[in-house]
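Residue-level structural notes
Residues per chain, in single letters:
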Number of protein chains: 2
Amino acid sequence: MDRQRQDHDRKRSTTRPPSPPLSADAQQHETRRAILNAAVQLFMKQGYRDFSLRQVARATGYTPTTVYLYFKDKDDLLFHVAMEGFKHFCRELEEAYASGATPIERLVAIGRAYVRFGLNNPLHYRLMFMERDEFLQREPPPGFVAPVQAFELLVQAVRECVEGGYFRPGDPWAYALAVWSTVHGLVSLALTNPSLDREQIATIEEVAYEMMQRGLVVQTPP
Amino acid sequence: MDRQRQDHDRKRSTTRPPSPPLSADAQQHETRRAILNAAVQLFMKQGYRDFSLRQVARATGYTPTTVYLYFKDKDDLLFHVAMEGFKHFCRELEEAYASGATPIERLVAIGRAYVRFGLNNPLHYRLMFMERDEFLQREPPPGFVAPVQAFELLVQAVRECVEGGYFRPGDPWAYALAVWSTVHGLVSLALTNPSLDREQIATIEEVAYEMMQRGLVVQTPP
DNA sequence: TGACGAGGTTAACGCTGTTAAGTATAATGG
DNA sequence: CCATTATACTTAACAGCGTTAACCTCGTCA
């Protein structure tokens, strides 16, 4: 009759190619990387709520249990997906910082890069800053930079503005948090309200920058 | 031997009391209300990720299927939980608005009420504005106010500031969005980073208000 | 030859959301 | 008064999920 219920995570035809010979732990690293890549890809297609470990396993051609040989559990896998996002995110912010000639320019570039990242990577942004923002605090796995480093870059940029006399005197840390609040709020607003088009977002972005500028910058009437 | 697997959502001793006689649809409304209350209570204890329809059913003494007689599915139930939050939220914002004598006072009161709500109801705030912010756009069920109404209150307060000459001329809508960005960012920051204590949050809050004030208010040197 | 470990699988458990079908009780109509 | 019908709820199941214990199946090395 109908036998007992059974899982059927059989391998599909969509299987991994036969891998060329490799050293032991290079091989290990390889498959780990393959699983993580599949996870990132799946996440970017499905988003947070429909992300499933079993689907990642199917996509790689492994059984679900194999995933546990390379990641502690689903949450650990998802954490690594988020860390991939943070890596990307930090790089863009650093590039922005490096692109500016003056402290103010550097700070504004960081702000714009932040917003751009959010708008261009909505699913990752949601994961990193809205759905699983606790990941921000988690100790980064070896080989990854701590997300908090991006924030320190922001504090650094703000500090330069204060010390250079561009900003009114005050605690750079508190200023940086206020700046972060504003740009994060802006991105959240854009993601939350998809009916807003890029132009409207740009308008609000300019209002926000002007607000920050008038609010923080020393007013030197010519 | 061991029979087929079977669910066992048997009624527990923690059952609903025998209800006094009521009219047909009043009774219906009653149980619906009981389920929703249990859902809210469970949500406030467990948060978004561990919220389960079956647990709600168990808490009420009903079977899971019964829940489907009163709510379309789990998401609908969760949506109503969020709407309860919005009801509360809108009320507090309206009280804040009413409490101010001048346009500026009203606006500041709204901002402070917003932040207070977020800090006092973190799980609900996360649900409403971070985890399931799409609920904001959803058509409210009969008997509930649209969440967007709270935002219109904010726009109204900002408009009064502009029209009263307190703010520099500009689009009240864009200003309101910028203000919302700032307070939402602030609350997000506080919830994301639980290591920040109330005092530190208060500091950043003041910085943010000062920034908004200098950024938006007409500077009239005495 | 035999022990061993690395890399992977099988089969299950318990949980979840969800649905089709059934049941008991109350209300209603001829 | 009995038959019907609707109401309120349950039973039993399905499929999917995360997770685990136990088991293979090799290649390596003593």
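Further up the page is the structure itself.
In short, a report on the structure. Numbering of residues begins from 1 in every chain and follows the order in which that chain's sequence is written. Following the order in which they are written, the chains are lettered starting with A and the ligands numbered starting with 1. Totals for whole chains, interfaces and linings use every residue, but because this is a predicted model, local features are given only for residues with pLDDT of at least 70 and side-chain atom pairs only at 80 or more, for both listing and counting. Computation of side-chain values: all heavy atoms of the structure, hydrogens and water removed.

A short note on the interface of chain B and chain A
To keep it simple, the criterion reads: We call two residues in contact whenever any of their non-hydrogen atoms come within 4.5 Å of each other. Here the quantity called buried area is the total loss of accessible area, with a 1.4 Å probe, experienced by two parts when brought into contact, counted for both. Counted as salt bridges are all cases of a side-chain nitrogen of Lys or Arg within 4 Å of a carboxyl oxygen of Asp or Glu. In the analysis that follows, any N or O atom pair within 3.5 Å is treated as a polar contact, provided that within protein one partner can donate a hydrogen and the other can accept it, and provided that, for residues neighboring in sequence, both atoms belong to side chains.
In this assembly, 39 residues from chain B lie in contact with 38 residues from chain A. With both chains or domains summed, chain B and chain A bury close to 3300 Å², and 62% of this area falls on carbon and sulfur atoms. Considering only the surface of chain B that becomes buried against chain A, Arg-49, Thr-192 and Met-211 of chain B emerge as the three largest contributors, covering 17% of it. Scanning the region where chain B abuts chain A turns up six salt bridges. For the pair chain B and chain A, the interface holds 12 residue pairs in polar contact (both at pLDDT 80 or more).

Observations concerning the pattern of salt bridges
How we decide: Helix numbering and strand numbering both begin at the N terminus, where a helix is a DSSP run of H or I of at least 4 residues and a strand a DSSP run of E of at least 2. Each residue's exposure class comes from its accessible area (1.4 Å probe, protein chains only) as a fraction of the maximum for that residue type: buried when under 20%, exposed when over 50%, partly exposed otherwise.
Within the structure shown, the criterion is met by 30 salt bridges over all chains. Salt-bridge contacts for Arg-33 of chain A lead to Glu-84 of chain A; the nearest nitrogen and oxygen are separated by 3.3 Å. With a gap of 51 residues between them, Arg-33 of chain A in helix H1 (residues 24-46) and Glu-84 of chain A in helix H4 (residues 74-99) connect regions that are remote in the sequence. Residue class for Glu-84 of chain A comes out buried when judged on its relative accessible area of 17%. Here Arg-106 of chain B and Glu-160 of chain B are joined by a salt bridge, their closest N and O atoms 2.9 Å apart. Taken together, the residues span a long stretch of sequence, with Arg-106 of chain B in helix H5 (residues 103-120) and Glu-160 of chain B in helix H7 (residues 148-163) at a distance of 54 residues.

Some remarks on the environment of Tyr-70 of chain B
All names here are of chain B. Positionally, Tyr-70 belongs in helix H3 (residues 64-70). Between the C-alpha atoms of Tyr-70 and Arg-32, which are 38 residues apart in sequence, the distance is 5.8 Å. Excluding anything up to four places from it in sequence, Tyr-70 contacts Gln-28, Thr-31, Arg-32 and Ile-35.

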